[in-house]
Amino acid sequence: MAGLQELRFPEEKPLLRGQDATELENSDTFLSAVDTDWKEHDIETPYGLLHVVIRGSPKGNRPAILTYHDVGLNHKLCFNTFFNFEDMQEITKHFVVCHVDAPGQQVGASQFPQGYQFPSMEQLAAMLPSVVQHFGFKYVIGIGVGAGAYVLAKFALIFPDLVEGLVLINIDPNGKGWIDWAATKLSSLTSTLPDTVLSHLFRQEELVSNTELVQSYRQQIGNVVNQANLQLFWNMYNSRRDLDINRPGTVPNAKTLRCPVMLVVGDNAPAEEGVVECNSKLDPTTTTFLKMADSGGLPQVTQPGKLTEAFKYFLQGMGYIAYLKDRRLSGGAVPSASMTRLARSRTSSLTSASSVDGSRPQACTHSESSEGLGQVNHTMEVSC
């Protein structure tokens, strides 16, 4: 396909059978954060309280990194491995980071009372402006997985001015049809809730071959997340509507995501077809499609190094250039611990750097090839 660019990342060994399984099984190791700078907040929204944890404070015009986890997980189970990765910490220490837990999914959450109406997926998205306003964020770069990716995409459609970029992992833009609904209903009658959720997170091949990882998540999903609350979230996610996006020019008044988007999926993930379809509905000039080898259904857990590398390129395309210490380099010192912001238009050179707190740049995705660094590329489909 013309216009596709290929990026190659240094090989990172995936989390396979027998590798680091004891670390995952130890909930203290799996759930704890590396540092103690995280602060917990319960924020009032139009549809109830949201539990969030935040590190840092807004820095000038720089966006916050805001995450939303998948169904069956919470921010710790979904993102700790990724955000605790050393190279990712080099990036995120230059941003305020805000993890959002869906209602009732955080560790130690109380069970909702009988008759509680869990927010719809649209209402979950409509809760996020309260978080942005509470902390004084000007805009955010969202990282979402599965159900969380759907929520963040809906958020960007409703409140485009609050979103500067999105990393959407395992997103399925389609609502459930009658056949899907019947299959889910039958599964709920014959399987435990953790096992039903696992089939959403992992394909059958991975459920069989990656038993240590799967068993670890089965244990955490069953013990850490309140099961009654999880059932409500699961039911609502499976009642979602189509995301209602179309590639510009394909239908009159097409509605799509206006910000740069990086779509991510593992090569053996249940969400693969959904992510491919989502890619076909987005603007190819601002979309990157990353298909990760040897990563399965949870690339942020099994391949944090590759995902960190891709995220760094994504930030560079939006005008945030990271000079990071590369642990693989054996040469001299490499500039580290600095993040330079580029204030530029879509056609200006990447050499016109301004201060970190300069005016907000026009967000766009650039080719990583050495030719024409200032040119906007088309959809980048990347296998790594």
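Residues numbered from 1 in each chain as written. Predicted model: local features only at pLDDT ≥ 70, side-chain atom pairs only at ≥ 80, totals over all residues. Heavy atoms only, no water.

Q: Can you walk me through the overall build of the protein in this structure?
A: The helix and strand tally for the protein stands at 15 helices and eleven strands. The long-range share in the protein, meaning contacts at least 24 apart out of those at least 6 apart in sequence, stands at 73%. As presented, the protein carries roughly 16,500 Å² of accessible surface, and 49% of it is formed by carbon and sulfur atoms. (Helix = DSSP H or I, 4+ residues; strand = E, 2+ residues; numbered from the N terminus. Contact = heavy atoms within 4.5 Å. Areas by Shrake-Rupley, 256 points an atom, 1.4 Å probe, with all protein chains shown as cover.)

Q: Looking at this model, I keep getting lost on the nonpolar core. Mind explaining?
A: Across soluble globular proteins, nonpolar side chains have a tendency to be buried as a group. In terms of nonpolar packing, the biggest core is built from 97 residues, with Ile143, Leu168 and Phe311 touching the most fellow members. A total of nine residues in this core trace back to one element, the largest contributor, which is helix α7 (residues 147-158). (Core = buried A, V, L, I, M, F, W, Y, C linked by side-chain atoms within 4.5 Å. Buried < 20%, exposed > 50% of the residue type's maximum accessible area, 1.4 Å probe, protein only.)

Q: Which parts of the structure should I look at to understand the confidence of the model for the protein?
A: Residues shown with low pLDDT carry predicted positions that ought not to be read at fine detail. Mean pLDDT for the protein: 79, with 70% of residues reaching 70 or above. Below pLDDT 50 for its whole length, residues 324-359 participates in 97 contacts with residues either more than four positions away or in separate chains. Below pLDDT 50 for its whole length, residues 361-380 participates in 68 contacts with residues either more than four positions away or in separate chains. (pLDDT = per-residue confidence, 0-100.)

Q: Looking at this model, I keep getting lost on the environment of Leu198. Mind explaining?
A: Note on placement: Leu198 falls in helix α9 (residues 193-201). When the C-alpha atoms of Leu198 and Tyr217 are compared, they prove to be 7.9 Å apart, with 19 residues separating the residues in sequence. Leu198 has contacts with Leu207, Val214, Tyr217, Arg218 and Ile221, leaving out every residue within four places of it along the chain.

Q: Looking at this structure, how should I read the packing of α9 against helix α12 (residues 227-237)?
A: Angle between the axes and distance between the axes are the two parameters that describe a pair of packed helices. Their axes nearest at 11 Å, the elements α9 and α12 cross at an angle of 40°. Taken as axis vectors, α9 and α12 run oblique relative to one another. Crossing angle aside, the handedness with which α9 passes α12 is left-handed. In this structure, α9 uses Leu193, Pro194, Thr196, Val197 and His200 to contact α12, whose residues at the interface are Gln227, Leu230, Gln231, Trp234 and Tyr237. In the contact of α9 with α12, the residues fall into six nonpolar, four polar and no charged. (Axes fitted to C-alpha atoms, helices over the stretch in contact; angles between N-to-C directions. Parallel < 35°, antiparallel > 145°, perpendicular 65-115°, else oblique. Left-handed = near helix turned anticlockwise from the far one by under 90°. Nonpolar A, V, L, I, M, F, W, Y, C, P; charged D, E, K, R; others polar.)

Q: Help me understand unusual backbone geometry in this model?
A: When glycine is set aside, most residues are seen to have a negative phi, and most peptide bonds are trans. The backbone of Asn170 sits at a positive phi, close to 60°, despite the residue not being glycine. Checked against the element boundaries, Asn170 lands in the loop between β6 (163-169) and α8 (178-190). Phi at Asp294 takes a positive value of approximately 55°, unusual for a residue other than glycine. In this structure Asp294 comes out as partly exposed when scored by relative accessible area, which is 43%.

Q: Could you clarify how one ought to interpret α7 in this entry?
A: Working note: α-helix, 3.6 residues per turn, so residues spaced by three or four point in the same direction. Along its twelve residues, α7 runs 17 Å from first to last C-alpha, staying within 8% of the 16 Å computed at 1.5 Å per residue. Counted residue by residue, α7 has eleven buried out of twelve residues, so it is predominantly covered. Buried residues of α7: Ala147, Gly148, Ala149, Tyr150, Val151, Leu152, Ala153, Lys154, Phe155, Ala156 and Leu157, and no others. Structurally, α7 contributes buried residues whose contacts are with β3 (64-68), α5 (121-126), α6 (128-135), β5 (140-145), β6 and α12. (Expected span 1.5 Å × (residues − 1).)

Q: Just to check I follow, could you spell out the packing of α9 against helix α11 (residues 211-224) for this structure?
A: Look at α9 against α11: their axes get within 9 Å of each other, and the N-to-C directions meet at 130°. By the criterion of interaxial angle, the relationship of α9 to α11 is oblique. The handedness of the crossing between α9 and α11 comes out as right-handed. Contacts from Pro194, Asp195, Val197, Leu198 and Leu201 of α9 reach α11 at Val214, Tyr217, Arg218, Ile221 and Gly222. Among the residues making up the contact of α9 with α11, the classes are represented as seven nonpolar, one polar and two charged.

Q: I keep staring at the pairing of strand β8 (residues 287-292) and nothing clicks. Help me out?
A: Strand residues, when the strand is regular, have side chains that alternate between the two faces of the sheet. β8 sits mainly inside the fold: five of its six residues count as buried. Across six bridges, strand β7 (residues 261-266) lies against β8 in parallel orientation. Bridge pairing in β8 links Val265 to Lys291. Handedness of the crossover is the feature at issue here: the chain leaves β7, passes through helix α13 (residues 272-280), returns alongside β8, and the resulting connection is right-handed. (Pairing = 2+ DSSP bridges. Right-handed = clockwise from strand over helix to strand, strands pointing away.)

Q: So what exactly am I meant to see when it comes to the pattern of salt bridges here?
A: Note that side chains of opposite charge can pair when their charged atoms are close. Within this structure, the stated rule accounts for ten salt bridges. We note a salt bridge from Glu272 to Lys291, for which the minimum N-O separation is 2.7 Å. With a gap of 19 residues between them, Glu272 in helix α13 and Lys291 in strand β8 connect regions that are remote in the sequence. Overall, Lys291 belongs to the partly exposed group, its relative accessible area being 27%. (Salt bridge = Lys/Arg side-chain N within 4 Å of Asp/Glu carboxyl O.)

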